Amino acid sequence: MTDAAELRQRTRDLLAEHPPATTDRLDFLRARFDAGLAWVHYPVGLGGLDAPRALQAVVDAELTAAGAPGNDPRRIGIGLGMAAPTLLAYGSDEVKARFLRPLWTGEEVWCQLFSEPGAGSDLAALGTRAVRDDATGDWTVDGQKVWTSSAHTARWAILIARTDPDLPKHRGITYFVCDMTDPGVEVRPLRQITGEAEFNEVFLTGVRIPDAHRLGETGDGWRVAQTTLMNERVSIGGARIPREGGMIGKAAAVWRDRPELRTHALHRRLLDLWVDAEVARFTGERLRQQLVAGQPGPEGSAMKLAFARLNQAISGLEVELLADDGLLYDDWTMRRPELVDFTGREAGYRYLRSKGNSIEGGTSEVLLNIVAERVLGLPPEPRNDKDVPWKDLAR
Ligand SMILES: Cc1cc2nc3c(=O)[nH]c(=O)nc-3n(C[C@H](O)[C@H](O)[C@H](O)COP(=O)(O)OP(=O)(O)OC[C@H]3O[C@@H](n4cnc5c(N)ncnc54)[C@H](O)[C@@H]3O)c2cc1C
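Residues numbered from 1 in each chain as written. Predicted model: local features only at pLDDT ≥ 70, side-chain atom pairs only at ≥ 80, totals over all residues. Heavy atoms only, no water.

- As annotated in an unreviewed UniProt entry, the protein chain carries the name Acyl-CoA dehydrogenase and is attributed to Streptomyces hydrogenans.
- Regarding the protein chain, the UniProt comment filed under Cofactor (unreviewed entry) reads as follows: "FAD". (UniProt positions renumbered as here; feature names shortened; annotations may be inferred.)

Spelled out as structure tokens, the structure:
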């Protein structure tokens, strides 16, 4: 088994062969992937070394100290956090070899074609159809997706579509990799409360997908999608941040820089949130350690819940701390951003953008249901449509 000392040496060899100061950024990232130092817990040949996930920190520390470039999770978060684990778990060898390297280096951006106008929380109700051509085995997809983050920059998408309307809603779904450059894919921006259009609606008309780009068995897409969704919650709420980093760091900085704005009541609220943020940070650390032992489970939903609540409360306090200045908004120009950066802009942006945190990746109400049923073991919600064929459901 690969240990910390061996990984450190491999990282130093990579740095010696490709000095960051003189190596093109993309060449460095490709070399890092090929050396198995991209995500060490991935298999050999796919950017990893089959090493324990916890040892990634050894590699990262060496690379940071040497000033090596990294990929940018703010731009390729859906690829890294959701598509990659699903491709790894369900892709054929060819699929994994084709997609994982450019996904990790950021050469190819991914998006997630799951939600539809009539299927968000109740995702299994989705109506986008994929029909198989018996002669070629390939698929033709028609339908509409919505709220698709990064569809305007994406080269590929993870897509779920209905392949058998005669089965109950969870059973007739299949999971695909969709080519966003197919002529049948139309991406239209949806402007958000922040002024930007970070997400889109996506119209799929006669989109062709080769059967080789199906992930998992036909009709087993709901199970495959669980891998994506469990990883999504961890990926949205579980980023590693330093003590007093992220949103609470921004609010604490205002407190320190603007003594004239302080009141006793605001002080108490800041301290309460500071403690909550620290507890959430440690909980995230524990979750990451559990992940070392396997795939994320429903516990990630609790983390994402806390993340949404805290982001909204802290950004609200930051705006309040800034008093009149908090009402100013830096830029409401309609843009189609390539990345989401919570701390790169002003308080007003954080305040407005964090509203979406309790919706994206599963609403807080739905996550509470998951925690209640699957973590705490409480009685489930009634699900009257469970065994009804999808085509007979009232819509
Ligand atoms: C910033 C952002 C980015 C997003 N990016 C993507 C993306 O890239 N790809 C993608 O596919 N989707 C994306 N989404 C969509 C997101 O997954 C959905 O918005 C979400 O699942 C909720 O679905 P909905 O909007 O249809 O709301 P609905 O499901 O219609 O919910 C409406 C309200 O009813 C409540 N509710 C629904 N069911 C229950 C229940 N059983 N119990 C209690 N309350 C319930 C909800 O909590 C909510 O308050 C994004 C959303 C946002 C905000």
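Alright, that's what it looks like, and here's the rest.
## Description of the side chain of Lys-96
Phase 1: Within the secondary structure, Lys-96 sits in helix α5 (residues 93-105).
Phase 2: Although Lys-96 is buried, it makes no salt bridge; Asp-93 carries the closest opposite charge, 4.1 Å away.
Phase 3: Dropping the residues within four chain positions of it, Lys-96 is found in contact with Leu-46, Leu-87, Leu-88 and Gly-91. (Helix = DSSP H or I, 4+ residues; strand = E, 2+ residues; numbered from the N terminus. Buried < 20%, exposed > 50% of the residue type's maximum accessible area, 1.4 Å probe, protein only. Lys, Arg positive; Asp, Glu negative; His and termini not counted. Salt bridge = Lys/Arg side-chain N within 4 Å of Asp/Glu carboxyl O. Contact = heavy atoms within 4.5 Å.)

## Details of the site of the ligand
Phase 1: Around the ligand, the surrounding shell holds 19 residues, and the nearest of these are Ser-115, Ser-121, Trp-147, Thr-363 and Glu-365.
Phase 2: A distance of 2.8 Å separates a nitrogen atom of the ligand from a polar atom in the backbone of Gln-112.
Phase 3: Within the backbone of Phe-114, an N or O atom sits 3.2 Å from an oxygen atom of the ligand.
Phase 4: Expressed as a share of its isolated accessible area of 980 Å², the protein-covered part of the ligand is 69%. (Near = heavy atom within 4 Å. Polar contact = N/O pair within 3.5 Å; in protein donor to acceptor, adjacent residues only side chain to side chain. Areas by Shrake-Rupley, 256 points an atom, 1.4 Å probe, with all protein chains shown as cover.)

## Some details on the packing of aromatic side chains
Phase 1: A complete count under the given rule lists nine aromatic pairs for this structure.
Phase 2: Relative to Trp-110, the ring of Phe-99 has its centre 5.4 Å away and its plane inclined at 85°; by these criteria the two rings are edge-to-face. With Phe-99 in helix α5 and Trp-110 in strand β1 (residues 110-113), the pair connects residues that are 11 residues apart, well separated along the chain. In this structure, Phe-99 and Trp-110 share a single accessibility class: buried.
Phase 3: Pairing Phe-114 with Tyr-175 gives two aromatic rings, centres 5.8 Å apart and planes at 85°, and the pair type is edge-to-face. You can see Phe-114 sitting in the loop between β1 and β2 (129-132) and its partner Tyr-175 sitting in strand β5 (residues 173-179), a full 61 residues away along the chain. (Phe/Tyr/Trp six-rings, centres within 6.5 Å; stacked < 30°, edge-to-face > 60°.)

## Some thoughts on the UniProt feature "domain: Acyl-CoA oxidase/dehydrogenase middle" (unreviewed entry) in the protein chain
Phase 1: Those residues carrying the UniProt feature "domain: Acyl-CoA oxidase/dehydrogenase middle" (unreviewed entry) are residues 111-197 in this numbering.
Phase 2: For residues 111-197, the end-to-end C-alpha separation is 14 Å, with 0% helix and 40% strand making up the annotated structure.

## A word on unusual backbone geometry
Working note: non-glycine residues mostly have negative phi, and peptide bonds are mostly trans.
Phase 1: The backbone phi angle of Ser-150 is positive, close to 65°, even though this residue is not glycine.
Phase 2: The topology assignment puts Ser-150 in the loop between β3 (139-146) and β4 (156-162).

## Regarding helix α3 (residues 56-65)
Phase 1: Every buried residue belonging to α3 is among Gln-56, Val-58, Val-59, Glu-62 and Leu-63, and all of these are buried. For α3, the angular spread of buried residues about the axis comes to 165°, placing them on one side. Across α3 from its buried face, at more than 90 degrees, point the exposed residues Thr-64 and Ala-65.
Phase 2: Against α1 (4-17) and α2 (25-34) lie the buried residues of α3. (Arc of directions from axis to C-beta.)

## Comments concerning the domain arrangement of the protein chain
Phase 1: According to the domain assignment, the protein chain contains domain 1 (1-70) and domain 2 (226-375).
Phase 2: Here the C-alpha centre of domain 2 lies 30 Å away from the C-alpha centre of domain 1. (Domains from an automatic or database assignment.)

## Structural notes on the environment of Leu-103
Phase 1: As for its placement among the helices and strands, Leu-103 is situated in helix α5.
Phase 2: It is 7.1 Å that separates the C-alpha atoms of Leu-103 and Leu-80, two residues lying 23 residues apart in sequence.
Phase 3: When sequence neighbours within four positions are dropped, the list of residues in contact with Leu-103 reads Trp-39, Ile-76, Gly-79, Leu-80, Ala-83, Ala-84, Leu-87, Glu-108 and Trp-110.

## Here's the deal with the side chain of Thr-363
Phase 1: Looking at the secondary structure, you find Thr-363 in the loop between α10 (347-353) and α11 (364-375).
Phase 2: Residue Thr-363 is classed as buried on the basis of its relative accessible area, which comes to 17%.
Phase 3: Beyond its immediate chain neighbours, meaning those up to four positions away, Thr-363 contacts Ser-121 and Ser-358.

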